[in-house]
Amino acid sequence: MQSWRRKSVWLALSASWLLLVLLGGFSLLRLALPPRPRPRAPQGWPRWLDADLLQSFSQPGELPEDAAQPPRAPHGGSCNWGSCFDTSKCRGDGLKVFVYPAAGPISETHRKILASIEDSRFHTFSPAGACLLLLLSLDAQTGECSSMPLQWNRGRNHLVLRLHPASCPRTFQLGQAMVAEASPTVDSFRAGFDVALPFLPEAHPLRGGAPGQLRQHSPQRGVALLALEEERGGWRTAGSNSSACPWDGRCEQDPGPGQTQRWEMLPNATFCLISGHRPQAASRFLQALQAGCIPVLLSPRWELPFSEVIDWTKAAIIADERLLLQVLAALQEMSPAQVLALRQQTQFLWDAYFSSVEKVIHTTLEVIQDRIFGTSAHPSLLWNSPPGALLALSTFSTSPQDFPFYHLQQGSRPEGRFSALIWVGASGQPPLKLIQAVAGSQHCAQVCSLPSWSPGIQGMRKISECSCCLLLDRFFPYSTIRTDAILSLDARSSLSTSEVDFAFVVWQSFPERMVGFLTSSHFWDEAHGGWGYTAERTNEFSMVLTMAAFYHRYYHTLFTHSLPKALRTLADEAPTCVDVLMNFLVAAVTKLPPIKVPYGKQRQEAAPLVPGGPDTGPKLQAPDPNCINQIAAAFGHMPLRSSRLRLDPVLFKDPVSVQRKKYRSLEKP
Amino acid sequence: MCASVKYNIRGPALIPRMKTKHRIYYITLFSIVLLGLIATGMFQFWPHSIESSNDWNVEKRSVRDVPVVRLPADSPIPERGDLSCRMHTCFDVYRCGFNPKNKIKVYIYALKKYVDDFGVPVSNTISREYNELLTAISDSDYYTDDISRACLFVPSIDVLNQNTLRIKETAQALAQLSRWDRGTNHLLFNMLPGGPPDYNTALDVPRDRALLAGGGFSTWTYRQGYDVSIPVYSPLSAEVDLPEKGPGPRRYFLLSSQVGLHPEYREDVEALQVKHGESVLVLDKCTNLSEGVLSVRKRCHKHQVFDYPQVLQEATFCVVLRGAQLGQAVLSDVLQAGCVPVVIADSYILPFSEVLDWKRASVVVPEEKMSDVYSILQSIPQRQIEEMQRQARWFWEAYFQSIKAIALATLQIINDRIYPYAAISYEEWNDPPAVKWGSVSNPLFLPLIPPQSQGFTAIVLTYDRVESLFRVITEVSKVPSLSKLLVVWNNQNKNPPEDSLWPKIRVPLKVVRTAENKLSNRFFPYDEIETEAVLAIDDDIIMLTSDELQFGYEVWREFPDRLVGYPGRLHLWDHEMNKWKYESEWTNEVSMVLTGAAFYHKYFNYLYTYKMPGDIKNWVDAHMNCEDIAMNFLVANVTGKAVIKVTPRKKFKCPECTAIDGLSLDQTHMVERSECINKFASVFGTMPLKVVEHRADPVLYKDDFPEKLKSFPNIGSL
């Protein structure tokens, strides 16, 4: 028994020793033998033993204290914004532009450009009050090159606008004048001072302009991957079918050369290869934009248009021509997400800044205004996402959340309350029933009226005063309106609280659109060769009446500050036009139709639409085709879009207990 | 008590009747063995100091031991910098050509000590910061030690501070680098350029075509698109830990903290203080500090002593004036404090201005407007100020905080120039993380109503219900806008019926056979889909009228970035169970639509198949359920928008379904669907579904209007 025990103890002991020797021996062996040469790890920058003892590159106090010099004068002739532009003149009301009148007879183009500048909100007739003096230098053919103007003053605060490159020889020293010209070479361009314009073809439309060619978001199947510019103005596509490649994750072989096709003017391909050497290629660049063909610029020697504000990396690929093969390979492998984004951006930029001469000129002025504004300029987001900086005014706000367009990008939401703005008109009788219905909504923050209430009604909850009382001022950006949403009403509108509530909830999903109850639609009148519109009930609509509609407060600012004077006077003279004008404006911004929500049945045939009521103010009953045609002419195109749907509550008129429904009174007979 | 007794009895029993001598002997032996074992074990598993450190090959050396290179007085000097250099003229891009990962390769020359003919060193061998910088590059993905593969070369000659080096000799040292070749593709880092008396704004060392990453460029010396403007690193960044201070109004409106201002400027800022009183604070060097107090860390106003840089956190705006050099380290301190820099230095190129949007984080005021600074700043709305404060701090954290951040941002900028199609976007450079998380960038952001003429492609997923399938095909083919019909035959054991048996319809009909019976096959981006609009439809959906489908397509055209479907469903938060619940009852809200019949953009098929997060796709295929919920999640997550439910349709009644006992099946069904929602929400890390209270009906739906005049009279029932 004992020996067994002893044996087992010894056994355990020796086993442990063995283990010890084995393990320890291995370790010792590993220490003793040099390691086998392993695959060489990259030899990095050495870790110095005395790294901590190294001196810093700058010793505190080492900096010279009295060496600062007085500001230096700019180097010979070169200018930058700070040294050559005097912003003190622009202090009062921002950018005011004076245009030198042309001496002698001028061409039609010249006249139209002048008109479009005069229409803009920047224009002034007095050279003394202007902070920017604009010198048009347009057509060389007519030989009307401008001579040195009167207020030249070494070119200070001058902008020389050259729409077509080298149209005029430099007849005088530019001095401190800024130059806005088409595709300036990179070397002569003074960044932050000059403005790079697009290279416009002679026949570029002055106003409105052709919309982008893109009809669908993603490239069509079977469309060529690449289009190359041809010597004589056309495009040549090469290697079709390969654009299909990224969409299903597997690639076919390029069908090889020979499959080339000739196209007339606009390229039909996913990418357009544009050489960077000749500035003429810049006109191809614009073609590609319009066609929704992603420009691939090979080492451009010219400055891209409005590069100061437009982030071209979102719409084009600017690559090194020497790496052409790698670029082509990269294009083939580009992810669908990237292709989608680039394509859409080309279209947005074309529509927002390039499709007409007027847009190009307004963009130029907007760029200069942004420089003057400094911190209150457009943030980059406003320039580079729809609807673009010409339609998102930085005078309204510089915070993207305040606009109706950027909630997604900002991760924000429109405010949960609205202000009702009731236009009472001359009769002055406050519509008590309507006020009660509107103020009864849980989302209602305030009720204002134009003109202000008679004192008797002041006691009601949520009622505050808004000043001003002219009809035109209906769309004035009143500072008393503090909410994002405005419910525009008319004394004769009749709404229930349910309707208001539901319409507002819908508006919150579509804050950039107008959400209305009553609609009308436009149509092309073959007989008269013009546009017409009707308030009759049809299967589709393209406008909502502002006598009962929700929209974003921003549209008041846009209406008042961005519309040309001519249009606002038109609306002033023919008040039926105001509705149409507002709808045009919103549609031009959103490029989408408005939204219709259900409107109580019994009233639909009642008051508002019946002509000749007791106090018929100016209404839409007698649509005036003149109005819509004039507005369309001023816009240069027809922005209105038609919709065939109405947004109803989820259980609207469903055969289910009314107790389950949230918006019950919407369905009451 | 009990246990201890037991133990006492057992103890002696283990080694019984042994003599005390023996016992001691055994115990010692055991302990030695045990100790040995423990020690060996420790040795085995302890992180080995010798082996585990990566630089097994790197011998530990001192900077003082680096090889010495003697530069003859007549060795060549490079040309002065060429101001007209651009990437396409002076940079040899072929050296970067062959990299498949779109990442440039950077080589660092070995450290040498350069001396002139008399043995006098040319400069300090290397500064702490430059050593950090080279270490950061060496540790990054850009680094290569193979000189023949490198696209960019970084000399180890330290030119961070021009005042610590001899210009001519340093230039000679550069020129003798093995791959110098007129400086092509060489990158020099310099933070403090120029020297007395006129302080050039770029490094004075002749450097030919070398790129310069410089702090303090002016518009006259900066080669746009070629050089990189970098910050002047502030050593205080590493020394002082300033916790982030929330945005909002602070004690001082405007603060000037720089010492060594030019007297003219000092007069100007002091005039501001006189004019605006308490809200402006102008600090200067302290004159009467006691011994041992670091003067760098103190600032004084009259006799008041302030801690620097802590005092910067007390101000909303901080002045950054030019000194002898345009670039000032104080900019970094100011950003760190979340104070909005007011940069008054004409023609100064702000750090990383090629990619950073400084309008969002700073105010630039021309020098001649200095007297107006206060009113300019006051015109900025409070909300914008707060955004700027946040942005300032974020810029510091991302691009100023350390030498490493500066080095990597510089290389990234150069990398983006060479591989523009793989470049980092404006948003990635500029949006602080909080904005990046909250924002959604809709892949179909362009407002566009696709032309009706394009039509849609119907995709019918089927297994073997041929009869019902044929009925669906016949019904769907009546829809005017249908342009193609695709049948996805998901049954591998059975062949689809012969061509002659299929219904004859007016549009092309294609049958695709799948390799495996998976639900995900319905969302595969088939080559055959030529239209943008896709109608996914089950092989038993025969109750939808032609008007209903056509109307659905019309609605999709107005909302091409959304899922447009018929029966709507809702997700709800179950407060008792603390999780999501699937709801199909009569509700006033919708957050999902069933894809038994739904229109959507074909791009979502690509996303579903290739970009679905996590293991959702496998989960769906394994459970043979919830592919529609997954699609709803995907679309809502990527677009940030809600679904559109069209028409009153509430369920898809199919003849087969009614036959089965509804209730219990329904119960398990609901549980399963709820489980899916919870699973997907956890994979997405958020609940992307959006709840809305509306559905789309035709304009005149249920209006008192002659039916025959309505576009879509037959909109169907529930």
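For chain B, the name recorded in an unreviewed UniProt entry is Exostosin-2, with Cebus imitator as its organism. Under the UniProt heading Pathway (unreviewed entry), the entry covering chain B gives this text: "Protein modification; protein glycosylation." In its Subunit (unreviewed entry) section, UniProt records this for chain B: "Part of the heparan sulfate polymerase, a dimeric complex composed of EXT1 and EXT2. Could also form homooligomeric complexes. Interacts with NDST1. Interacts with GALNT5."

As named in an unreviewed UniProt entry, chain A is Exostosin-like 1, taken from Cebus imitator.

Colleague: Is there a simple way to explain the nonpolar core in this structure?
Modeller: Here is a general trend for soluble globular proteins: nonpolar side chains tend to be buried in one another's company. Phe418 and Val438 of chain A together with Phe680 of chain B are the most contacted members of the largest nonpolar core, which totals 123 residues. Contact partners of Phe418 of chain A, with chain neighbours within four places excluded, come to Val438, Ser441, His443, Cys444, Ala445, Gln446, Thr483, Ala485, Leu487, Val500, Phe504 and Phe550 of chain A. Judged by nonpolar contacts, the second largest core, of 102 residues, contains Cys151, Phe306, Val355 and Trp394 of chain B.

Colleague: What exactly am I supposed to notice about the domain arrangement of chain A here?
Modeller: In many reports, interface size means the accessible area that the parts give up when they come together. All names here are of chain A. Taken as a whole, chain A is organised into domain 1 (97-141 + 151-197), domain 2 (224-238 + 263-355) and domain 3 (418-517 + 542-600). Opposite the 10 residues of domain 1 that make contact, domain 2 presents 10 residues. Looking at the side of domain 1 facing domain 2, the largest losses of area belong to Ser183, Val186 and Ala196, adding up to 53% of the total buried there. The interface formed by domain 1 and domain 2 contains three residue pairs in polar contact (both at pLDDT 80 or more). When the residues that make up the side of domain 1 that touches domain 2 are grouped by side-chain class, the tally is six nonpolar, three polar and one charged.

Colleague: Would you mind showing me how to read the state of the cysteines here?
Modeller: As used here, a disulfide is simply a covalent bond connecting the sulfur atoms of two cysteines. Residue and element names in this part refer to chain B. This model, assessed by the stated rule, comprises eight disulfides over all chains. Across a sulfur-sulfur distance of 2.1 Å, Cys318 and Cys339 are joined as a disulfide pair. Taking the torsion about the sulfur-sulfur bond, which here is approximately 105 degrees, the covalent link between Cys318 and Cys339 counts as right-handed. Pair noted here: Cys318 is in strand S12 (residues 315-321) and Cys339 is in the loop between helix H8 (330-336) and strand S13 (340-344), with a separation of 21 residues, a long-range link.

Colleague: What is the right way to read the domain arrangement of chain B from this model?
Modeller: Residue and element names in this part refer to chain B. One can read the domain layout of chain B as domain 1 (63-229 + 402-436), domain 2 (239-288 + 295-398) and domain 3 (456-651 + 663-696). The straight-line distance from the C-alpha centre of domain 1 to that of domain 2 is 30 Å. Counting residues at the interface gives 27 residues for domain 1 and 20 residues for domain 2. Together, the buried faces of domain 1 and domain 2 total about 2000 Å²; carbon and sulfur atoms form 57% of this surface. Three residues stand out in domain 1 for area buried against domain 2, namely Ser229, Trp429 and Asn430, and they jointly supply 26% of the buried area on that side. When the shortest N-O distance is used, the salt bridge between Arg417 and Glu354 registers 2.6 Å. Linking domain 1 to domain 2 there are 14 residue pairs in polar contact (both at pLDDT 80 or more).

Colleague: Sorry, what's going on with the side chain of Gln347 of chain A here?
Modeller: Here Gln347 of chain A is to be found in helix H7 (residues 336-354). Take Gln347 of chain A: its relative accessible area is 3%, and that puts it in the buried class. Among the polar contacts made by the side chain of Gln347 of chain A, one reaches the main-chain amide nitrogen of Leu214 of chain A at a distance of 3.1 Å. Once you skip the residues sitting within four places of it in the chain, Gln347 of chain A turns out to touch Gly212, Gln213, Leu214, Leu289, Gln290, Ala291 and Gly292 of chain A together with Leu446 of chain B.

Colleague: Quick question: what am I supposed to make of the pairing of strand S9 (residues 269-275) of chain A here?
Modeller: Each regular strand carries side chains that alternate between the two faces of the sheet. Residues and elements named next belong to chain A. Burial runs high along S9: six of the seven residues are buried. Summarising the sheet, strand S6 (residues 224-229) and S9 pair through four bridges and their orientation is parallel. Paired with Ala227 across the bridge in S9 is Cys272. Pairing geometry for S9 and strand S10 (residues 294-298), over five bridges, is parallel. When the bridges of S10 are listed, Ile274 appears paired with Leu297.

Colleague: Honestly, the interface of chain A and chain B in this entry has me stumped. Any pointers?
Modeller: The interface is formed by 143 residues belonging to chain A together with 157 residues belonging to chain B. Here chain A and chain B share an interface that buries about 13400 Å² over both sides, 56% of which is from carbon and sulfur atoms. It is Trp45, Phe57 and Arg322 of chain A in chain A that bury the most area against chain B; as a group they hold 7% of the surface buried on that side. Our enumeration of links across chain A and chain B arrives at nine salt bridges. Arg383 of chain B is the partner of Asp402 of chain A in a salt bridge, and the nearest nitrogen-oxygen pair spans 2.6 Å. Run the count over chain A and chain B and you get 49 residue pairs in polar contact (both at pLDDT 80 or more). Among the secondary structure elements, those contributing two or more residues to the side of chain A that touches chain B are helix H1 (2-32), helix H4 (245-248), strand S11 (317-319), helix H6 (324-333), H7, helix H10 (407-410), helix H12 (497-509) and strand S21 (645-649) of chain A. Looking at side-chain class alone, the side of chain A that touches chain B contains 63 nonpolar, 42 polar and 38 charged residues.

Rules of the game
- Residues numbered from 1 in each chain as written.
- Chains lettered and ligands numbered in written order.
- Predicted model: local features only at pLDDT ≥ 70, side-chain atom pairs only at ≥ 80, totals over all residues.
- Heavy atoms only, no water.
- UniProt positions renumbered as here; feature names shortened; annotations may be inferred.
- Core = buried A, V, L, I, M, F, W, Y, C linked by side-chain atoms within 4.5 Å.
- Buried < 20%, exposed > 50% of the residue type's maximum accessible area, 1.4 Å probe, protein only.
- Contact = heavy atoms within 4.5 Å.
- Domains from an automatic or database assignment.
- Buried area = accessible area lost by both parts, 1.4 Å probe.
- Polar contact = N/O pair within 3.5 Å; in protein donor to acceptor, adjacent residues only side chain to side chain.
- Nonpolar A, V, L, I, M, F, W, Y, C, P; charged D, E, K, R; others polar.
- Disulfide = S-S within 2.5 Å.
- Helix = DSSP H or I, 4+ residues; strand = E, 2+ residues; numbered from the N terminus.
- Salt bridge = Lys/Arg side-chain N within 4 Å of Asp/Glu carboxyl O.
- Pairing = 2+ DSSP bridges.

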